[in-house]
Structure formats: C-alpha cells, structure tokens
Amino acid sequence: MNKHLLNLEQWNRKEHFEFYRKFSEPFFGLCVDLDCTAAYDKSKENGDSFFLYYLHKSIVAANEIEPFRYRIQGDAVEVYDHVRPAPTVGREDGTFGFAIMEYKKDFAEFQSLAKAEIERVRKGQGLMLSEGTEAPNTIHYSAIPWVRFTAFSHARSFDWPDSHPKISFGKIWEQGKKRFMPVSIHVHHALLDGFHVGQYVDLFQQMLND
C-alpha cells in the first residue's frame, strides 16, 4: 500500500480543499447512463462475468485519474499508488456482505482473484466488515441490478472521516440495439471537482467501448 503526501502548497486546489473539507456533507454526486453494449457482448462471448468485466474497467479508469487516489488524513492528503475495489456482494438469502478485491490491471488475473473473494463473501454471513474494507486505498462499490435509477444517495456516518469515492451501478436498459447502464459517482469535493468526474466518465466509457 505505497503512498506519498500531496504537496498542498503547490496544489492549485489548496483553497478548494480547505473550503470543502469543513462541510458537514462534503460529498457531491451525479448519475450518468453509459453505453455498455460492446462490453456486455465481449464479456458474454468470452464467458466472463459481466459484473467483474465492467467493475475492472471502472477501477482501472479510476486509477488513471489521480484525484480518485487521493485520501484525506488529518490535515494532509495522501496519494496512493493504486486503489482497490471494495464492492458489496449479494447472497441468495437477499443479504449482502462487503468484499475487498485486489487491483490487477490484467483482467484475467483480476477476475480469478475476484471470483474467489466473491465466493468467500457469499458463503459468509452478515456484513463481513474488515479492516481491508475500510482501508483508505479502496473505492466503495455497489450494484443495484434491479433498478434503473436516475438519482442516488448513500447512507453515511458523519462521525467517520470518509473520503472514499463511491460508485454504484444500476439495471441495464435497452434502446434499439444498444444497452445502457446507469452509473452513480459520489466523491469528496475537497479532493475532486466535476472536471475530474467528467474525466473519469469519459475514460470509463472509452474502456467499455474497447
């Protein structure tokens, strides 16, 4: 878990950081519909998990946009070399548990490790909270494949100093021969602006198209 401190004095967002980190609700979020046609078809052709396929594209894109790797630690900002996905995993009894997956840029390697982690959580009970789930070098993920949402909010504890990005995926819907998936992105405004979220959305869409 390699990291270094961001030089706040040379950061062009220092004033933004000092302003927004004092807010009682410093997160902002937005929802977009992304074209997942090519990604869906490719994952099915290869016999891969579509969930893990788009989750991998998402975490690779997030790692490419540096501010998604920023985390607040006291009065400082830590920059992690990479961040990992910490998604919720559903079970047959209707409950879910928290997983922690390793970041691998190679999809085959990522999928192999992620499937083992999913199986571990599905066999467990309760939330399965762990130190890894709340580790700062994670992005919190969730999937709600039953709902085509157009807005989204998160349950949060304001007592916990949280600066993790939160990304959620909804029900795929079709228009003509195209498939679309709603994606919700919530980020800490002291660390990221709409500009950075826009960069992430564009790159994630590009990766889904490849």
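Residues numbered from 1 in each chain as written. Predicted model: local features only at pLDDT ≥ 70, side-chain atom pairs only at ≥ 80, totals over all residues. Heavy atoms only, no water.

**Student:** How would you sum up the overall build of the chain? Please name residues and give values.
**Tutor:** The helix and strand tally for the chain stands at five helices and ten strands. In terms of overall dimensions, the chain has a C-alpha envelope of 50 × 40 × 30 Å along the principal axes. Across the chain, the fraction of contacts at a sequence separation of at least 24, relative to all contacts at a separation of at least 6, is 71%. Element-wise, carbon and sulfur atoms account for 50% of the exposed surface of the chain, whose accessible area totals about 11000 Å². (Helix = DSSP H or I, 4+ residues; strand = E, 2+ residues; numbered from the N terminus. Contact = heavy atoms within 4.5 Å. Areas by Shrake-Rupley, 256 points an atom, 1.4 Å probe, with all protein chains shown as cover.)

**Student:** Now, about the packing of aromatic side chains: what can you tell me, with residues and values included?
**Tutor:** Counting across every chain of the model gives 17 aromatic pairs. Look at Phe19 and Phe23: their rings are 5.1 Å apart centre to centre, the planes differ by 65 degrees, and that puts the pair in the edge-to-face class. On the basis of relative accessible area, Phe23 is assigned to the partly exposed category, the value being 37%. Here the aromatic rings of Tyr20 and Phe23 are separated by 5.2 Å at their centres, their planes lie at 55 degrees, and the arrangement is tilted. Lying across the ring of Trp173, Arg148 places its NZ or CZ 3.7 Å from the centre. (Phe/Tyr/Trp six-rings, centres within 6.5 Å; stacked < 30°, edge-to-face > 60°. Buried < 20%, exposed > 50% of the residue type's maximum accessible area, 1.4 Å probe, protein only. Lys NZ or Arg CZ within 6 Å of the ring centre and 35° of its normal.)

**Student:** If you had to explain the side chain of Lys166 to someone new, which residues and values would you point to?
**Tutor:** Structurally, Lys166 is set in strand S8 (residues 166-169). In contact with Lys166, other than residues within four places in its own chain, are Phe27, His140, His154, Arg156, Ser184, Ile185 and His186.

**Student:** How would you summarise a nonpolar patch on the surface if you had to cite specific residues and measurements?
**Tutor:** Nonpolar side chains collect at one region of the surface, where Phe96, Leu127 and Leu129 lie side by side and expose about 280 Å² of accessible area between them. With respect to the element layout, Leu129 can be found in the loop between helix H4 (107-123) and strand S7 (138-143). (Patch = residues over 30% accessible without salt bridge, like charges linked within 9 Å, V, L, I, M, F, W, Y side chains within 5 Å. Salt bridge = Lys/Arg side-chain N within 4 Å of Asp/Glu carboxyl O.)

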